[in-house]
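# An overview of the molecular structure
So the chains spell out like this:
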Amino acid sequence: IHPIVAPDGKGVLTEFSPEHHKHQTGLYWGFTKVNERDYFHHPAEGYWKKVSADIIQQDGAEVKWQTVYDMLDEKGNAIMRQTQNWTMLQDSGKYFLTLEWKGEAKTDVTIGKYDYGGLFLRMPWKEGMKAEVMNAARQKNEKAEGQRAMWVDVGMQVEGRSDFAHIAIFDHPDNRGYPQRWRVDGQFGVGPATARDSNIVIKNGQTETYKHRLMIYTGSFNDRDVSEAWGMYTGKTSLYST
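Let us look at the structure shown here. As the structure is a prediction and not an experimental result, all values here were calculated from the model. (Residues numbered from 1 in each chain as written. Predicted model: local features only at pLDDT ≥ 70, side-chain atom pairs only at ≥ 80, totals over all residues. Heavy atoms only, no water.)

### Quick look at the overall build of the protein chain
- Across its full length, the protein chain holds 1 helix and 14 strands.
- By the burial criterion, 49% of the 242 residues in the protein chain qualify as buried.
- Put simply, of all contacts in the protein chain between residues at least 6 apart along the chain, 61% involve residues at least 24 apart.
- Accessible area for the protein chain stands at about 11,400 Å²; split by element, carbon and sulfur atoms hold 45% of it.
- Computed over 30 positive and 32 negative side-chain charges, the separation of the two mean positions in the protein chain equals 3 Å. (Helix = DSSP H or I, 4+ residues; strand = E, 2+ residues; numbered from the N terminus. Buried < 20%, exposed > 50% of the residue type's maximum accessible area, 1.4 Å probe, protein only. Contact = heavy atoms within 4.5 Å. Areas by Shrake-Rupley, 256 points an atom, 1.4 Å probe, with all protein chains shown as cover. Lys, Arg positive; Asp, Glu negative; His and termini not counted. Charge placed at Lys NZ, Arg CZ, Asp CG, Glu CD.)

### Re the pairing of strand E1 (residues 27-30)
- Of the two faces of E1, both are covered, the one formed by Leu27 and Trp29 as well as the one formed by Tyr28 and Gly30.
- Inspection of the sheet shows E1 paired to strand E7 (residues 118-121) by 4 bridges, in the antiparallel sense. Each residue of the ladder has a partner; that of Tyr28, found in E7, is Phe120. (Pairing = 2+ DSSP bridges.)

### Overview of the sheet that holds strand E5 (residues 94-105)
- Reading across from one edge, E2-E3-E4-E5-E14-E10-E9-E8 is the order of the 8 strands in this open sheet, with antiparallel pairing throughout. Taken across any chain shown, the strands that pair with only one partner, and hence form the sheet edges, are strand E2 (48-57) and strand E8 (131-135). Across the sheet, the mean angle separating the axes of adjacent strands is 15° when strand polarity is ignored.
- As paired elements, E5 and strand E14 (residues 207-218) share 10 bridges and run antiparallel to each other. Residue pairing in the sheet places Glu104 in a bridge with Thr207 of E14. (Axes fitted to C-alpha atoms, helices over the stretch in contact; angles between N-to-C directions.)

### Details of unusual backbone geometry
- For the bond from His2 to Pro3, the omega torsion is 0°, close enough to zero to count as cis.
- Here Tyr178 and Pro179 are connected by a cis peptide whose omega angle stands at -15°.
- With respect to the element layout, Pro179 can be found in the loop between strand E10 (165-170) and strand E11 (182-184).
- Its identity as a non-glycine residue notwithstanding, Arg138 has a phi of 65°, on the positive side.
- When you line up the elements, Arg138 lands in the loop between E8 and strand E9 (151-156).

### So, the side chain of His166
- Among the secondary structure elements, His166 is positioned in strand E10.
- A polar contact of 2.9 Å, which involves the side chain of His166, links it to the side chain of Asp153.
- A distance of 2.8 Å separates the side chain of His166 from the backbone oxygen of Gly219, its partner in a polar contact.
- What His166 contacts, discounting residues up to four positions off in sequence, is Leu13, Asp153, Val154, Gly155, Met215, Ile216, Tyr217, Gly219, Ser220 and Phe221. (Polar contact = N/O pair within 3.5 Å; in protein donor to acceptor, adjacent residues only side chain to side chain.)

### Some thoughts on the environment of Ala44
- Within the element layout of this structure, Ala44 appears in the loop between E1 and E2.
- Between the alpha carbons of Ala44 and Trp29 there is a distance of 13 Å; along the sequence they are 15 residues apart.

### Observations concerning the packing of aromatic side chains
- By the definition in use, this model includes 16 aromatic pairs.
- Grouping aromatic residues by their ring pairs yields a cluster made of Tyr28, Phe40, Tyr114, Tyr116 and Phe120.
- The ring of Tyr47 carries the charged tip of Arg37 above its face, separated from the ring centre by 3.7 Å. (Phe/Tyr/Trp six-rings, centres within 6.5 Å; stacked < 30°, edge-to-face > 60°. Lys NZ or Arg CZ within 6 Å of the ring centre and 35° of its normal.)

### Some words on the nonpolar core
- Formed by 59 residues in total, the largest nonpolar core has its most connected members in Met156 and Phe170.
- With residues up to four places along the chain from it excluded, the contact list for Met156 reads Met123, Pro124, Trp125, Met129, Lys130, Ala131, Asp163, Phe164, Ala165 and Phe188. (Core = buried A, V, L, I, M, F, W, Y, C linked by side-chain atoms within 4.5 Å.)

### Considering the environment of Glu36
- Within the secondary structure, Glu36 is located in the loop between E1 and E2.
- By relative accessible area, which is 64% here, Glu36 ends up exposed.
- A C-alpha to C-alpha distance of 34 Å links Glu36 and Gly155, two positions 119 residues apart in sequence.

In structure tokens form, the structure reads like this:
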């Protein structure tokens, strides 16, 4: 998904194919080793085939859409069908983007252990730009790399703003490995590292599901506010809220 514009219209919060990571495309999903094939670094080039893209709901408080792609092997055969169900809601000056990702195995699938892969966010950070990553355990920037957390918040002073714009990504208790470990790279790219600890095996005909929500907002970071929003999404209380 790109571009995501700040809720007040001041600044673009995603970046498509930056020089330091040409394969990254804003807010996206990709695994690094699926039956030893790298989908994270190959957004096209015969790795994907679109099946459908549909608007499910466009009236009312929420907008809903669905995309379906087949992940292809070297011979062009589908090994997994990826379905993304998205919901967008605007409330109190914030955007909420909710994702349900489903991966249906078309053959036996192994998602190989790797430091990153799954949902990933690339914001438009440049050298010298003010930015900060904070997780639910109050681990900051590089200290959040590889750590488990219920949520991670990325804030930066993007072009056109005098304050920060933020995108917080929520993990969900239904997800495998919850709370998941997170990738935090040197340019403030973040995402839950789904297979960081071990391989994930999905047998032919089985479906793996992951759920996430993003809260997109501007102004000052407040961990209590983010924890409360995470709690509203999951129905749970953060262990790290104060």
